Amino acid sequence: MSRADLLTCPMLSIVVPCFNEEAVLGQTYARLAGLREHLVRGGRISARSEIIFVDDGSRDGTWRLIDGWVREAGPVVGVKLSRNCGHQNALLAGLTSARGDAVVTIDADLQDDEGAIERMLAAFGEGAEVVYGVRERRDADTWFKRNTARLFYRTMHALGVQTVCDHADYRLLSQRAIRYLSEYKEANLFLRGVVPLLGLRSTVVHYDRRARLAGESKYPLRKMLEFAIDGVTSFSTAPLRAIALLGFALSLLCVLLTVWVLAAKFLTTDTVPGWASTILPIYFLGGVQLLCAGVLGEYVGKIYTEVKRRPRFFIEQVAQPQPAQPVAAAARPVRSRARGRRQHAAAAVSALEAR
């Protein structure tokens, strides 16, 4: 197939990571299957296009639903991880399992508008190998979530990390982009920072974020903070440099404090002996030391995780539709062999008569 044919009618894989999504997954499948059918009828994608649901160790009926759709011979592939490995690893498992020329990742709650996939494919057809889905409006999110997300992206940019503002994990990747991505072996995976490092031709598609269809968010405040810390410590050493600058500033402050204490002692008499020079440095330096030890410990923990080189995930099971058996084609050789035996028998009779 030529490059032109590939771009006009590519095979599309839609990767959907799932963790306890039984309440919403039926609506998700209906919408994505309808979109796939619309794109196939319009000649935008190949009829071999697939929807890959990755079960990230769910404890509800998520896998039962996925396996049922596969058994119905729908355009579904199920990938079941052996345990809960985290959202980023579930995405990676789906990406490496996808066979499509273009692979789109989208969350199961469909807060990200699936209709933007059509525009992503158009950008892919124009040569883009990475297409970012960027949230133009986030009215469905709370004020707190909108503003903390913006603060996170601004902080990442200030620390020198390449990210796309208001982009989560809704994106299209070409197969070449996935091959490049598989070369990143770190255990502390942060795809929002890794994908921009690929250096391939990219573009942006905007959409409006919607309210969650059903179920509850799998990213409460605690997980959001952990995710933000992972992103910062995986891509930037700026906090370590900040510690060095803080140490220099404290040394300078201690010198100035010493000058002030001496001046107060010799120039005035209204002082409490020993208070300023003892209490303030103890509390201040104690708090700074704990903060610095925490930041250093975070980086040491990352090193500890990386040097062990443990697998990021195990795929317990892959469920795929079984191809139809070519019954008619299989019957033709049988008829051919029977015809051959009859011809051979007739030739033997003719030879006997000739004798």
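Up top you'll find the structure we're talking about.
These numbers come from a predicted model, not from an experiment.

### Regarding the overall build of the protein chain
And step 1. Looking only at helices and strands, one finds twelve helices and eight strands in the protein chain.
And step 2. When burial is assessed residue by residue, the protein chain has 41% of its 355 residues classed as buried.
And step 3. Long-range pairs, those at least 24 residues apart, make up 83% of the contacts in the protein chain between residues at least 6 apart in sequence.
And step 4. Of the roughly 19,900 Å² that the protein chain leaves accessible, carbon and sulfur atoms contribute 60%.

### Some details on the sheet that holds strand β5 (residues 130-137)
And step 1. Pairing is mixed in the open sheet, where eight strands are placed in the order β7-β5-β6-β4-β1-β2-β3-β8. Whereas interior strands pair on both sides, the edge strands pair on one side only; in this sheet they are β7 (202-208) and β8 (315-319). For this sheet, the mean inter-axis angle between neighbouring strands, taken without regard to orientation, is 20 degrees.
And step 2. As paired strands, strand β1 (residues 12-18) and strand β2 (residues 50-55) are joined by six bridges and run parallel to one another. Bridging across to β2, C18 finds its partner in D55.
And step 3. Here helix α3 (residues 62-71) sits on the sheet and contacts β1, β2, β3 (76-81) and β8; the angle it forms with β3, its principal contact strand, is near 145 degrees.
And step 4. Sheet strands touched by helix α5 (residues 116-125): β1, β4 (102-105), β5, β6 (167-174) and β7. Its angle to β6, the strand with the most contacts, is close to 45 degrees.

### A look at the packing of aromatic side chains
And step 1. Tallied over the entire structure, the rule returns four aromatic pairs.
And step 2. Where Y29 meets W69, the ring centres are 4.3 Å apart and the plane angle is 15 degrees; that geometry is what we call stacked. Residue Y29 is located in helix α2 (residues 22-41), and its partner W69 is located in helix α3; the two are separated by 40 residues in the primary sequence.
And step 3. A relative accessible area of 16% means that Y29 is categorised as buried.
And step 4. By relative accessible area, W69 is classed as buried at 9%.
And step 5. Taking the centre distance of 5.3 Å and the plane angle of 80 degrees together, the rings of Y170 and Y207 count as edge-to-face. Taken as a pair, Y170 in strand β6 and Y207 in strand β7 lie far apart in primary sequence, 37 residues in all. Neither Y170 nor Y207 differs from the other in exposure class; each is buried.
And step 6. Three or more aromatic residues joined by ring pairs form one cluster here, namely Y29, F53 and W69.

### Some words on the nonpolar core
And step 1. Among the nonpolar cores identified, the biggest contains 36 residues, and L12, V16, F53, I117, L121, Y170 and L172 are the most heavily contacted of them.
And step 2. Excluding residues that lie within four positions of it along the chain, F53 makes contacts with V16, C18, L25, T28, Y29, I66, W69, V76, V77, G78 and V79.
And step 3. Counting 29 residues, the second-largest nonpolar core is a separate cluster that includes L95, V164, L181 and F313.

### Digging into the pairing of β5
And step 1. Most of β5 is tucked away: six of the eight residues are buried.
And step 2. Here β5 pairs with β6 via four bridges, running antiparallel. Following the sheet pairing, Y132 is matched in β6 by R171.

### What to know about the packing of α2 against α3
And step 1. It is at 9 Å that the axes of α2 and α3 come closest, and there the two elements cross at 25 degrees. Here α2 is positioned roughly parallel relative to α3, judged by the angle of their axes. Crossing geometry of α2 relative to α3 is assigned as right-handed. Contact with α2, carried on its side by E22, L25, G26 and Y29, involves T62, R64, L65, I66 and W69 of α3 and no other residues of that element.

Cut-off values and rules
- In every chain, residue numbers begin from 1 and rise along the written sequence.
- The predicted origin of the model limits local features to residues at a pLDDT of at least 70 and limits the giving and counting of side-chain atom pairs to 80 or more, whereas totals for whole chains, interfaces and linings rest on all residues.
- Side-chain calculation: all heavy atoms of the structure are included, whereas hydrogens and water are not.
- For helices the rule is a DSSP run of H or I covering at least 4 residues; for strands it is a run of E covering at least 2, with both sets numbered from the N terminus onward.
- Categorising residues by exposure relies on relative accessible area from a 1.4 Å probe, with only protein chains included: less than 20% of the type maximum marks a residue as buried, more than 50% marks it as exposed, and the intermediate range marks it as partly exposed.
- In what follows, a contact means two residues having at least one pair of non-hydrogen atoms within 4.5 Å.
- Accessible surface is estimated by sampling points in the Shrake-Rupley manner with a 1.4 Å probe; for residues, cover comes only from the protein chains shown.
- Being paired, for any two strands, means DSSP has found at least two bridges between them.
- Lines fitted to C-alpha atoms define the axes, with helix axes restricted to the stretch in contact, and inter-axis angles between N-to-C directions lie between 0 and 180 degrees.
- Paired rings are identified among Phe, Tyr and Trp, the last through its six-membered ring, by centres lying within 6.5 Å, and are further divided according to the angle between planes into stacked (under 30 degrees), edge-to-face (over 60) and tilted (the rest).
- By convention a nonpolar core is built from buried Ala, Val, Leu, Ile, Met, Phe, Trp, Tyr and Cys residues, the set being connected through side-chain atoms within 4.5 Å.
- Orientation categories follow fixed angle ranges, with anything under 35 degrees roughly parallel, anything over 145 roughly antiparallel, 65 to 115 roughly perpendicular, and all other angles oblique.
- Put simply, a crossing is left-handed when the front helix is turned counterclockwise from the back one by less than a right angle, and right-handed when it is turned clockwise.

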